[in-house]
Amino acid sequence: YQGLAGRSTKEVLQLYAAHGQQMKLQRSSVVTQLHGAIKKRLKQDLKSLHSVALELSKDFQRQSKTCLYQVLAAVQGIQLQNEAMQMFQIKAFDLEQSLQEVTERYEKEKQKRKALHNSLVELRGNIRVHCRIRPLLPFDAAAGHSVSQDRQRNFSEKVAYAADDETVLVKCSRPGHASVNKTFQFERVYNDLESQDAVFADVAPLLTSLLDGYNVCIMAYGQTGSGKTYTMLGPQLEGNLALSIEEESELGIIPRATQEVFRLISEKPPGSYWVEVSVVEVYNNEIFDLLAKDSYGKVFGVKRDVVTTREGKSDVPLLTHETVENAFEFLNLVNKGLQLRVTHPTLVHAHSSRSHLVVTLTITTVVFGDNFGTLWEDEQTSHRLNKEASCTFPQKMRDSKSTSSSRASSPVQLEATEKMKQVKTRLQLVDLAGSECVGMSGVTGAALRETSFINRSLSALADVLGAIAEQRAHIPYRNSKLTHLLQDSVGGDAKLLVMLCIAPGQKYLTESMQSLGFGTRARQVQRGQVKKKNFPVPSKAK
Ligand code: ADP
Ligand code: MG
């Protein structure tokens, strides 16, 4: 029994061991299985991870490649832009250079043009005559008393025409009169349709000469009502110049010339020019200063006299000269002066002016020693002005020089005055009184006296132009205040433009023929080729 028990125990133990072994075996196979599965799974995961990583890196490569391309393209673009910029810079530089060249060439051309202009003006002679025929106007038909209907109709018939822009044709046949068929030649003829603009366009070149150092005079000649004031100033409203901006196209030569002078000055170095204005009226052979003010500052006409200076120039002592900075100031001044103008209505035209109006712009040029001569481009002019400057050295400056030396002031001050030179040139703009004969106007008494003074001054003007034409040694400037006053801008190498004004109606035939005759005689004045002499101004003249 014991043995049996031992055996059984053994068997149990064996069985137990076998069971343990079996269990062990079983467990290890599960682990192996598990291990295999895990391994497999891991392998799979690793594989997919690898492929993802591969994909990612490929993607990264692709993207970085595109970025690189983009960066490269941008860099290339910048380079191109840089190159273009450089090209532009080079081009801009080239352009700048050529602009400078062109500017220089332009300046040279301008100087040449100026010299040519002056020699052209010189060749044409210093006196030119233009003729303006105004349109027929409603008042031309109004004939006044004791005139038959028929004659009245004939009155407004047109007899003066502009045949072309250099020829005036006067054609008229009246019963009981010799028929007239005559032509007159002038430098320029304006027909009744030509504007103020057109008239000024031909006048403007003369003003260039003004800044080149020549005196210039523009005067309107013609009978009352022929358009002198209209041409010189513009249309007048109740004795006051219509000078508002809206009527700019209607402005006459005087306001336009002033604008042009200021425009020309603005092209010059600032401060080297200044402009003074005087307005005088010559009435009954007396000179009235229309800008003179009384002690209360009120403007009133003061009588002045004209004298000849030691240098042989004409001068009006004590005449009021107002400095003006622009055309607007100038017009205001002239308007003030005009208010005082003596007018006397004649039968010809209600606003007839019985006096000569002389508006003078004095342009003073200040030049400092070394600069002298560079201001005027052509050598001839600067040489001429150089000579002139020493003789027209203003009284005031000569005085200040002598006082400063007598006071033995500092040499610096002396040198400053020594080095400074002034040149004055004058632009005289003249609206002459009516050139009609006494009989025509039907005036008597005081008005007759006025008219005879007017006639005398106008014939003195004709005499002066005639004497210049014949190159006579004695020019009778002093025969009237008018010619004495205008001496410097009519004689010497001054440039004169006579603007003949003609009313076209038959009524004015006699007067128109007289004016055209005056213009024709004035035109024969040829001083261009004649060597300039200083005007003979005999001191013994009356
Ligand atoms: P004057 O000064 O010679 O006596 P005005 O200049 O006073 O003559 O002219 C007389 C009239 O004729 C004025 O009413 C003026 O407006 C007019 N007139 C003159 N010329 C012209 C023209 N070219 N066009 C239009 N009207 C004119
Ligand atoms: Mg007038």
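By the naming in an unreviewed UniProt entry, the chain goes by KIF25 protein and is assigned to Mystacornis crossleyi. Heading Subcellular location (unreviewed entry) of the UniProt record for the chain holds this comment: "Cytoplasm, Cytoskeleton". Check the Sequence similarities (unreviewed entry) section of the UniProt entry for the chain; it says "Belongs to the TRAFAC class myosin-kinesin ATPase superfamily. Kinesin family."

Chemist: Explain the side chain of His-356 to me, and be specific about the residues and the numbers.
Modeler: Checked against the element boundaries, His-356 lands in strand E15 (residues 356-368). On the basis of relative accessible area, His-356 is assigned to the buried category, the value being 2%. Within polar-contact distance, the side chain of His-356 engages the backbone nitrogen of Ala-433 at 3.0 Å.

Chemist: Could you give an account of the side chain of Ser-435, with specific residues and numbers?
Modeler: Assignment of secondary structure puts Ser-435 in the loop between strand E16 (420-431) and helix H11 (438-441). By relative accessible area, which is 5% here, Ser-435 ends up buried. One polar contact links the side chain of Ser-435 to the main-chain amide nitrogen of Gln-223, over a distance of 3.1 Å. For Ser-435, the contacting residues outside a window of four places in its chain are Tyr-221, Gly-222, Gln-223, Thr-224, Leu-458, Glu-511, Gln-514 and Ser-515.

Chemist: Got a sec to walk through the sheet that holds strand E4 (residues 180-185)? Specific residues and values, please.
Modeler: Taking strand neighbours across the sheet as the criterion, the three strands line up as E2-E3-E4 in an open arrangement whose pairing is antiparallel. Both edges of this open sheet fall to strand E2 (160-164) and E4, since each of them pairs with a single strand only. Geometrically, the sheet is characterised by an average inter-axis angle of 25° between neighbouring strands, direction not taken into account. Relative to strand E3 (residues 167-172), E2 runs antiparallel, the two being bridged by four bridges. By the bridge assignment, Ala-162 is partnered in E3 with Val-168. The sheet strands contacting helix H14 (residues 509-523) are E3 and E4, and the helix crosses E4 at an angle near 35°.

Chemist: Explain the site of ligand 1 to me, using residue names and the numbers behind them.
Modeler: The environment of ligand 1 is made up of 14 residues, and the closest members are Leu-137, Gly-225, Lys-228, Thr-229 and Tyr-230. Here an oxygen atom of ligand 1 and a backbone polar atom of Gly-225 are 2.6 Å apart. In the model, an oxygen atom of ligand 1 is placed 2.8 Å from a nitrogen or oxygen of the Lys-228 side chain. Notes on ligand 1: free accessible area 560 Å², of which the protein chains cover 80%. If one sorts the elements of the shell around ligand 1 by residue count, helix H5 (residues 228-232) sits on top with three residues. Taken together, the residues that form the shell around ligand 1 break down as four nonpolar, seven polar and three charged.

Chemist: Tell me what's going on with the packing of helix H4 (residues 196-211) against helix H6 (residues 253-266), and back it up with residues and numbers.
Modeler: Close contact between H4 and H6 brings their axes to 9 Å; oriented N to C, the two are set at 45°. Taken as axis vectors, H4 and H6 run oblique relative to one another. Two packed elements cross with a definite hand, and for H4 against H6 that hand is right-handed. Contact with H4, carried on its side by Gln-196, Asp-197, Val-199, Phe-200, Val-203, Leu-207, Thr-208, Leu-210 and Leu-211, involves Ile-253, Arg-256, Ala-257, Glu-260, Val-261, Leu-264 and Ile-265 of H6 and no other residues of that element. Of the residues belonging to the contact of H4 with H6, the class tally is eleven nonpolar, two polar and three charged.

Chemist: How would you summarise the packing of H6 against helix H7 (residues 327-339) if you had to cite specific residues and measurements?
Modeler: Viewed as axis vectors pointing N to C, H6 and H7 meet at an angle of 150°, and their least axial separation amounts to 9 Å. Considered as vectors, H6 and H7 are oriented roughly antiparallel to each other. Note that H6 runs across H7; the crossing there is right-handed. Facing Ile-254, Pro-255, Thr-258, Gln-259 and Phe-262 of H6, the residues of H7 in contact are Ala-327, Phe-330 and Leu-331. Residue composition of the contact of H6 with H7, grouped by class: six nonpolar, two polar and no charged.

Chemist: Break down empty space enclosed by the protein for me, with residues and values.
Modeler: Scanning the model with the defined rule gives two cavities of 30 Å³ or more in all. Estimates place the volume of the second largest cavity at around 50 Å³. Along the walls of the second largest cavity sit Val-282, Tyr-283, Asn-284, Asn-285, Arg-354, Ser-355, His-356, Phe-453, Ile-454 and Ser-457, which together make up its complete lining. Going through the elements one at a time, strand E9 (273-283) and helix H12 (446-469) are the ones with two or more residues in the lining of the second largest cavity. When residues in the lining of the second largest cavity are grouped by element, the largest group, three residues, is from H12. Considered class by class, the residues forming the lining of the second largest cavity number four nonpolar, five polar and one charged.

Chemist: Pulling in residues and values, what's your account of unusual backbone geometry?
Modeler: With the exception of glycine, the majority of residues adopt a negative phi angle, and the majority of peptide bonds are in the trans configuration. The phi angle at Asn-284 is positive, at roughly 50°, despite the residue not being glycine. Considering the arrangement of structural elements, one finds Asn-284 in the loop between E9 and strand E10 (286-289). Among the residues examined, Asn-284 registers a relative accessible area of 15% and is labelled buried. In the Ramachandran plot, Leu-318 falls in the positive-phi region, its phi being about 70° despite a non-glycine side chain. Mapping Leu-318 onto the fold places it in the loop between strand E13 (314-315) and strand E14 (322-324).

Chemist: Can you explain the pairing of E9? Please cite residues and give values.
Modeler: Across the eleven residues of E9, ten count as buried, placing the element largely inside the fold. Note: E9 against E14, three bridges, orientation antiparallel. The residue of E14 that forms the bridge with Val-277 is Glu-322. Note: E9 against E10, four bridges, orientation antiparallel. Across the sheet, residue Val-282 finds its bridge partner in E10, namely Ile-287. The hairpin formed by E9 and E10 contains two residues between the paired strands, and Asn-284 there has a positive phi angle of roughly 50°.

The rules we used
All residue numbers refer to positions counted from 1 along the written sequence of the respective chain. Working convention: letters from A go to chains and numbers from 1 go to ligands, in the order in which they are written. Totals for whole chains, interfaces and linings use every residue, but because this is a predicted model, local features are given only for residues with pLDDT of at least 70 and side-chain atom pairs only at 80 or more, for both listing and counting. Think of the side-chain values as coming from all heavy atoms in the structure, minus any hydrogens and water. UniProt positions are given in the numbering used here, feature names are shortened, and annotations may be inferred rather than shown by experiment. What counts as a helix is a DSSP run of H or I of at least four residues, what counts as a strand is a run of E of at least two, and both are numbered from the N terminus. Three labels apply to residues, based on accessible area from a 1.4 Å probe with only protein chains included: buried if under 20% of the type maximum, exposed if over 50%, partly exposed otherwise in between. Definition of a polar contact: a pair of N or O atoms within 3.5 Å, with one able to donate and the other able to accept a hydrogen when the atoms are protein atoms, and with sequence-neighbouring residues admitted only if both atoms are side-chain atoms. Whether two residues are in contact is decided by their heavy atoms: any pair within 4.5 Å suffices. Paired strands, in this sense, are two strands between which DSSP finds at least two bridges. All axes here are fitted lines through C-alpha atoms, helices being fitted over the stretch that makes contact, and every angle between N-to-C directions spans 0 to 180 degrees. If a single non-hydrogen atom of a residue is within 4 Å of a molecule or strand, that residue counts as near it. Using a 1.4 Å probe, the Shrake-Rupley method yields the accessible areas, and only the shown protein chains count as cover for residues. All residues other than Ala, Val, Leu, Ile, Met, Phe, Trp, Tyr, Cys, Pro, Asp, Glu, Lys and Arg, Gly among them, are scored as polar; the first ten of these are nonpolar and the last four charged. Reported orientations rely on four angle classes, namely roughly parallel under 35 degrees, roughly antiparallel over 145, roughly perpendicular from 65 to 115, and oblique for the rest. The hand of a helix crossing depends on one turn: near helix anticlockwise from the far one by less than a right angle means left-handed, and clockwise means right-handed. Each cavity reported here is a set of points on a 1 Å grid over the protein atoms alone in which a 1.4 Å probe fits but cannot get out, each pocket an open set with protein on both sides within 12 Å along at least five of seven lines, and each lining residue one with an atom within 4 Å of a point. Grid points are joined across faces, edges and corners, and a volume is the space filled by probe spheres set on the points.

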